[in-house]
Amino acid sequence: MDFQILVMKYDLSAPESFLAATEEEIDSVYNGAGPDWMPEWGRDILTEFLRIFKAAIAIHDWRFEYADGTEEGFKTANKEFLANMRKIIAAEYSMWNPLYWKWQWRAWIAYRACVRFGWGAWVDDKSGGEK
C-alpha cells in the first residue's frame, strides 16, 4: 500500500522520518491494527474492522516503533492517531451519512484502546528514539 499517497490525500500528520521512508521500511513496521503480542488472526480482524484507517495505523505504528518513551510523546502519538482517523472520516463521509458516525465510533474505540493499553508498547523502546 502506498502510504505516502494516502498521507497526502487526507492531509495526515506524520513524522518527517515516515514521510521520507520507503514503502518497504514502512511495511517492516506496519503490522495492521493491534499490538505485536496479538495473534495474527486477531490483528487481521481488527485491521478489517478499522480498514479505512490503514494509513493512520501505519503512522501510529511508526511512532511506536521509534517511541521516545515519554508520557508526552505517548499522548502526542495517540492524539495524532485520533486526529488522523478523523481527517480520513471527514474526507470520505458527510456527517449526515450514517457511516460517518459508525467510523467516528470505531475511531474513538481504537484511540481509547491505545490510550488504555498502549503504554507498555510505548516504553518498550526498540530504537532509542525518533528515526
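Here the structure is a predicted model, which is why all the values come from computation and not from measurement.

(A) Quick look at helix H5 (residues 54–65). Look at H5: 16 Å from first C-alpha to last across twelve residues, which is about the 16 Å you get at 1.5 Å a residue. With respect to burial, H5 is a largely interior element, nine of its twelve residues being buried. Within H5 the residues assigned to the buried category are Ala-55, Ala-56, Ile-57, Ala-58, Ile-59, His-60, Asp-61, Trp-62 and Phe-64. Where the residues of H5 are buried, they touch helix H1 (3–10), helix H2 (16–20), helix H3 (23–29), helix H6 (71–92), helix H7 (98–117) and helix H8 (119–123).

(B) Summary view of the pattern of salt bridges. One pass over the full model with this rule turns up four salt bridges. Across the salt bridge formed by Glu-48 and Arg-51, the nearest N and O atoms sit 3.2 Å from each other. Of the residues examined, Glu-48 reaches a relative accessible area of 46% and is grouped as partly exposed. The salt bridge involving Glu-71 is made with Lys-75; its shortest N-O contact spans 3.3 Å. Of this pair, Glu-71 and Lys-75 are both found in helix H6, four residues apart, which corresponds to roughly one turn of the helix.

(C) Main features of the nonpolar core. Counting 33 residues, the largest nonpolar core has Phe-18, Phe-53 and Met-85 as the members making the most contacts within it. Those elements that place two or more of their residues in this core are H1, H3, H5, H6 and H7. If we ignore the near neighbours within four places in the chain, the residues touching Met-85 are Phe-53, Ala-56, Ala-107, Ala-110 and Tyr-111.

(D) Spotlight on unusual backbone geometry. Of note, the phi angle at Asp-11 is positive, near 55°, even though the residue is not glycine. Here Asp-11 shows up in the loop between H1 and H2. Residue classification places Asp-11 among the exposed residues on the basis of a relative accessible area of 55%.

Reading the values: the criteria
- Residues numbered from 1 in each chain as written.
- Predicted model: local features only at pLDDT ≥ 70, side-chain atom pairs only at ≥ 80, totals over all residues.
- Heavy atoms only, no water.
- Helix = DSSP H or I, 4+ residues; strand = E, 2+ residues; numbered from the N terminus.
- Expected span 1.5 Å × (residues − 1).
- Buried < 20%, exposed > 50% of the residue type's maximum accessible area, 1.4 Å probe, protein only.
- Contact = heavy atoms within 4.5 Å.
- Salt bridge = Lys/Arg side-chain N within 4 Å of Asp/Glu carboxyl O.
- Core = buried A, V, L, I, M, F, W, Y, C linked by side-chain atoms within 4.5 Å.

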